[in-house]
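Commentary on secondary and tertiary structure
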Amino acid sequence: MVTDRHSDVAVVGASGRLGRRVVARLAARGLRVAVVGRSAERLASLPSAALPRLADCRDAGALGEALAGARRVVSCVHARFAPAILAALPPETERVVLVGSTRRFTRFTDRPAEEVRAAETLLHNAGRAGVILHPTMIYGADGENNVRRVAALVRRFPFIPLPRGGGSLIQPIHVEDVAACIEAAALDAAAPGPAIVIAGPQAVRLADFVRAVAAAMGRQVVVLSAPVALLYAAAWIMRLLPGLPRIRGDEIRRLLEDKAFAIDDMRLRLGVEPRPLAVGLAAMFSEKAMPCRHRSHREAPPC
């Protein structure tokens, strides 16, 4: 007999920007979804079919109780909480999905990157079926900073200075494509195994990304090459001026790295074909929903 404690999938961080998209997809498939979060009010705003579980990842007892009865567990919170989530998994859990970051590949000393690497290693050694997904820069979510900070600069200035003229490569992925990947990771038979990088269909130069954001806004912008030291100084000054986005020094440093990745595993093991950057940006600035192209989940809800 199925009790209220049993669920097909439990989603940790369910009320966040990414989590609520994942919950909507899973609930639309008719699954019993336990939604785990710290705010009862935010959990109440999720689909009515969801089963609310109030817990903080730093409270081992509450987290264990929240995950009890879950056949599959999906974490949409930072990878630093992976140890707590893996420790709280009930015996009946058949699969676990974690979300990391391609930040794990940085060559710089970086604590968040170390936390992602640790989560990947911990899952590998845990003896649990599952997978950790490493998304690149995510855009398209309400409140995300990446595109919106660029947009704020484009609105204020006709010139955008970038290190080395913006020649570094990035490969942004739309938030709905990330949600589609998490859905597939939780449900598809081919998903468990080594970590999977999830990214947009192709890498673009940082300068071209800035120009693409401007074009989606109906504007034009000139990209300038600037010394890194000058950008550090500009970032410090921007903290003092109202209305300008905040940019940290470590973010400027990471702009010097190429972030280009093969996405064969994303396509083959998850069955997700990410949308082109221009399509995602157009949807973001026009606020039009774009369908997710997922060949194995044709009944998935629209983005």
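Details of the structure are given in the entry above.
Presented here is an overview of the structure given in this document. (Residues numbered from 1 in each chain as written. Predicted model: local features only at pLDDT ≥ 70, side-chain atom pairs only at ≥ 80, totals over all residues. Heavy atoms only, no water.)

Note on placement: S168 falls in the loop between β8 (159-163) and β9 (169-170). The class for S168 is buried, based on a relative accessible area of 7%. If sequence neighbours within four positions are ignored, S168 has contacts with V204, R205, L206, L255, L256, E257 and D258. (Helix = DSSP H or I, 4+ residues; strand = E, 2+ residues; numbered from the N terminus. Buried < 20%, exposed > 50% of the residue type's maximum accessible area, 1.4 Å probe, protein only. Contact = heavy atoms within 4.5 Å.)

Turning next to helix α3 (residues 60-67). Burial in α3 covers these residues: L63, A66 and L67. Summarising the axial view, the buried residues of α3 lie within an arc of 90°, below the 170-degree limit, and thus occupy one face. What points out from α3, more than 90 degrees from its buried face, is the exposed set G61 and E65. Where α3 is buried, its residues touch β1 (7-12), β2 (33-37), β3 (51-54), β4 (70-75) and α4 (82-88). A positive phi of about 85° marks G69, the residue just after α3. (Arc of directions from axis to C-beta.)

Turning to the packing of aromatic side chains, a few remarks are in order. Applying the stated criterion across every chain, the model contains one aromatic pair. Centre to centre, the rings of F105 and F261 are 5.5 Å apart; their planes meet at 45°, and the pair counts as tilted. With a gap of 156 residues between them, F105 in the loop between β5 (95-99) and α5 (111-125) and F261 in the loop between α10 (249-254) and α11 (264-269) connect regions that are remote in the sequence. Looking at F105, the relative accessible area reads 42%, which means it is partly exposed. In this structure F261 comes out as buried when scored by relative accessible area, which is 19%. (Phe/Tyr/Trp six-rings, centres within 6.5 Å; stacked < 30°, edge-to-face > 60°.)

One can describe the packing of helix α1 (residues 17-28) onto helix α7 (residues 175-187) by two numbers: an axis separation of 9 Å at closest approach and a directional angle of 55°. Here α1 lies oblique to α7, going by the angle between them. Of the two elements, α1 crosses α7, and the hand of that crossing is right-handed. Residues L18, R21, V22, R25 and L26 of α1 form the contact with α7, whose own contacting residues are V175, E176, V178, A179, A180, I182, E183 and L187. (Axes fitted to C-alpha atoms, helices over the stretch in contact; angles between N-to-C directions. Parallel < 35°, antiparallel > 145°, perpendicular 65-115°, else oblique. Left-handed = near helix turned anticlockwise from the far one by under 90°.)

Everything listed is a geometric property; what it means functionally is a separate question.
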